[in-house]
Amino acid sequence: MAESPSGSTPEASLRLGPSARPPEARRGRGATANPTSRYDAAAREIFQDGDWEADAPAPLRTQVTPERTARIIARNTSPDIPFDRSVNPYRGCEHGCIYCYARPTHAWLGLSPGLDFESRIIAKPDAARVLAREIAAPGYRPATIALGTATDPYQPVEREHRITRAVLEVLREARHPVGITTKSDLVLRDLDILAEMAAENLVLVAVSLPTLDPHLARRLDPRAPRPEKRLSAMRRLSEAGVPVMVNVSPIIPGLTDHEIEAILACARENGASRIGHALLRLPGEVADLVADWFAEHYPERRARAFALLSQARGGRENDPRFGHRFRGEGAYAEMIGQRVRLAGGRLGFAFGRMALNEAAFRKPGAQLALF
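Predicted model only: the values in this text are computed from it and were never measured.

Asks: It is not clear to me how the sheet that holds strand β10 (residues 274–279) should be interpreted in this structure. Could you clarify?
Replies: Backbone-to-backbone hydrogen bonds join strands into a sheet, with any given pair of strands oriented parallel or antiparallel. The mixed open sheet is built from eight strands, whose spatial order is β2-β3-β6-β7-β8-β9-β10-β11. Each end of this open sheet is capped by a strand with a single partner; those strands are β2 (74–75) and β11 (350–351). In the sheet, β10 pairs with β11 via two bridges, with the strands oriented parallel. By the bridge assignment for β11, R274 is matched with A350.

Asks: Sorry, what's going on with the packing of aromatic side chains here?
Replies: Within this structure, the stated rule accounts for four aromatic pairs. Here Y140 and F361 contribute two aromatic rings whose centre-to-centre distance is 5.8 Å and whose plane-to-plane angle is 55 degrees, an arrangement assigned as tilted. Of the two residues, Y140 sits in the loop between α3 (127–135) and β6 (145–147) while F361 sits in the loop between β11 and α13 (366–370), which places them 221 residues apart along the sequence. Relative accessible area serves as the criterion here: at 7%, Y140 is assigned to the buried category. Its relative accessible area of 16% is what places F361 among the buried residues. Their ring planes at 90 degrees and their centres at 5.3 Å tell us that W293 and F294 sit as a pair that is edge-to-face.

Asks: Quick question: what am I supposed to make of the sheet that holds strand β4 (residues 90–91) here?
Replies: If you trace the three strands from one edge of the open sheet to the other, you get β1-β5-β4, paired in mixed fashion. In this open sheet, the two edge strands, each paired with only one partner strand, are β1 (63–66) and β4. Direction of pairing for β4 relative to strand β5 (residues 120–123): antiparallel, over a ladder of two bridges. Along β5, the bridge assignment pairs R91 with I122.

Asks: Would you take a moment to explain the nonpolar core for this structure?
Replies: The nonpolar side chains of a soluble globular protein tend to be buried, and buried together. Residues L131 and V246 are the most contacted members of the largest nonpolar core, which totals 90 residues. Other than its neighbours up to four places away in sequence, L131 contacts I72, I73, V87, I145, V167, V170 and L171.

Asks: What's the story with the pairing of strand β8 (residues 203–208) in this structure? I'm lost.
Replies: Successive side chains on a regular strand alternate, one facing one side of the sheet and the next facing the other. Buried residues dominate β8, accounting for six of its six residues. Because side chains alternate across β8, one face comprises the buried residues V203, V205 and V207, and the other comprises L204, A206 and S208, equally buried. With five bridges connecting them, strand β7 (residues 178–182) and β8 associate as parallel partners. Residue pairing across strands places G179 opposite L204, the latter belonging to β8. The parallel pair β7 and β8 is bridged by helix α6 (residues 191–198), and the resulting crossover is right-handed. Note that β8 and strand β9 (residues 244–251) share four bridges and pair parallel. When the bridges of β9 are listed, V205 appears paired with V244.

Asks: Quick question: what am I supposed to make of empty space enclosed by the protein here?
Replies: It is a probe the size of a water molecule, rolled over the atoms, that shows where empty space is left. Under the defined criterion, the tally for this structure stands at two cavities of 30 Å³ or more. Here the second largest cavity defines a volume of roughly 30 Å³. Lining the second largest cavity are I98, Y99, L220, I252, L280, V290, W293 and F294. Of all the elements, helix α10 (residues 286–297) adds the most residues to the lining of the second largest cavity, at three residues. For the lining of the second largest cavity, the class distribution of residues is eight nonpolar, no polar and no charged.

Asks: Is there a simple way to think about the side chain of D190 in this case?
Replies: Secondary-structure assignment places D190 in the loop between β7 and α6. Those residues within four positions of D190 in sequence are excluded, and the remaining contacts are Y154, R165 and L168.

Asks: Could you clarify how one ought to interpret unusual backbone geometry in this entry?
Replies: In most cases, non-glycine residues show a negative phi, while peptide bonds are predominantly trans. The omega angle of the peptide bond from S249 to P250 is -5 degrees, so this bond is cis rather than trans. The residue R162 is not glycine, and still its phi comes out positive at about 55 degrees. Note that R162 resides in the loop between α4 (158–161) and α5 (163–174). Residues other than glycine seldom take positive phi values, yet R175 does so here, at roughly 50 degrees. Within the secondary structure, R175 is located in the loop between α5 and β7.

Asks: Sorry if this is basic, but what is going on with the packing of helix α9 (residues 260–269) against helix α12 (residues 331–347) here?
Replies: A packed helix pair is summarised by two numbers, namely the angle formed by the two axes and the spacing between the axes. Here α9 crosses α12 at 30 degrees, and the two axes come no closer than 10 Å. As far as their axial angle goes, α12 and α9 are roughly parallel. In the crossing of α9 with α12, the sense of the turn from one axis to the other is right-handed. Here I260, E261, L264, A265 and R268 of α9 come into contact with α12, specifically with I336, R339, V340, A343, G344, R346 and L347.

Asks: Honestly, α5 in this entry has me stumped. Any pointers?
Replies: An α-helix turns once per 3.6 residues; consequently, residues spaced three or four apart project the same way. With 12 residues, α5 extends 17 Å between its outermost C-alpha atoms, agreeing within 8% with the 16 Å of an ideal straight helix rising 1.5 Å per residue. Burial analysis of α5 places nine of its 12 residues in the buried class, which makes it a mostly covered element. Along α5, the residues that are buried comprise I163, T164, R165, A166, V167, L168, V170, L171 and A174. One or two residues past the end of α5 sits R175, with phi positive at roughly 50 degrees.

Cut-offs applied
Residues numbered from 1 in each chain as written. Predicted model: local features only at pLDDT ≥ 70, side-chain atom pairs only at ≥ 80, totals over all residues. Heavy atoms only, no water. Pairing = 2+ DSSP bridges. Helix = DSSP H or I, 4+ residues; strand = E, 2+ residues; numbered from the N terminus. Phe/Tyr/Trp six-rings, centres within 6.5 Å; stacked < 30°, edge-to-face > 60°. Buried < 20%, exposed > 50% of the residue type's maximum accessible area, 1.4 Å probe, protein only. Core = buried A, V, L, I, M, F, W, Y, C linked by side-chain atoms within 4.5 Å. Contact = heavy atoms within 4.5 Å. Right-handed = clockwise from strand over helix to strand, strands pointing away. 1 Å grid on protein atoms, 1.4 Å probe; cavity = no way out; pocket = protein on both sides within 12 Å on 5 of 7 lines; lining within 4 Å. Points joined across faces, edges and corners; volume = space filled by probe spheres on them. Nonpolar A, V, L, I, M, F, W, Y, C, P; charged D, E, K, R; others polar. Axes fitted to C-alpha atoms, helices over the stretch in contact; angles between N-to-C directions. Parallel < 35°, antiparallel > 145°, perpendicular 65-115°, else oblique. Left-handed = near helix turned anticlockwise from the far one by under 90°. Expected span 1.5 Å × (residues − 1).

By themselves, these are just geometric observations and shouldn't be taken as functional.
This is the structure we're talking about:
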């Protein structure tokens, strides 16, 4: 396979073969290809019979499709997740993070976990109304709702659709605890709500920051805000009294693992007080998508990255077992965990999510439940 002078391989892909897309057709996107959903009865292939530049289609545009939903709170019983319920205002995520473990969920919709995941977004405009109805139900008992566990609640389409803000308005009115995970400084738009909730210990915001390198970030998560904007968001949230966690996630072997201590130091300087971290996961189609991404951007680092992941995953690319999937096992995974613990302890971080106030909860009134 011939490489271009930059080290990329636009004429072929490492593992996704004919589903690869030419660079001009995916400018600003994370995935290199749009492989057929594993549930599709027929496979689709791109036939390229000449130069990519001559044949390249127009860049992908984001499509947002509304979805009516009867329920919005998703429940889980996973022993290694610190919450039992979550809300996701969107399916798919325009940030385009190549490593996103939620990419395979797009296959459930008959869409590709590749470029479809980041360009064909499903919005849930009824989310706030349905949420109000669910938490007003007679048998409901409050516990922290995790907002944005599969896709980012502050991805770019939220600027227009404002579903996340509507959800937060319901939670504020009900004094319901919420933990938010995001990569976006758009979270600052809702600082009025978050500061009010923080005053009653009802909110924690986790900001994901896998790298401080803006050039690497542009390739890893192309439509997410730059690292310096995420740090600035941490600072402003903290100054407003909102507790902030830094998620050093994912830690990518041979690519971002050298940055752990620097990320933690910068986050601490900008007001983060808690730490979360996770090793790169490669469930389902994510393994092939990440392999192709390495082949295009960092071909010389791919073998080492996958070898270290295999070492931490019991000889496999992915280990889905509870208790192992986020941290891994073996010498490399233990070394990563030790570095996080030592640096975090030295900087004065607390570890993991904090307990939020469940006692202040009040069921939404009839008017709120109907809005």
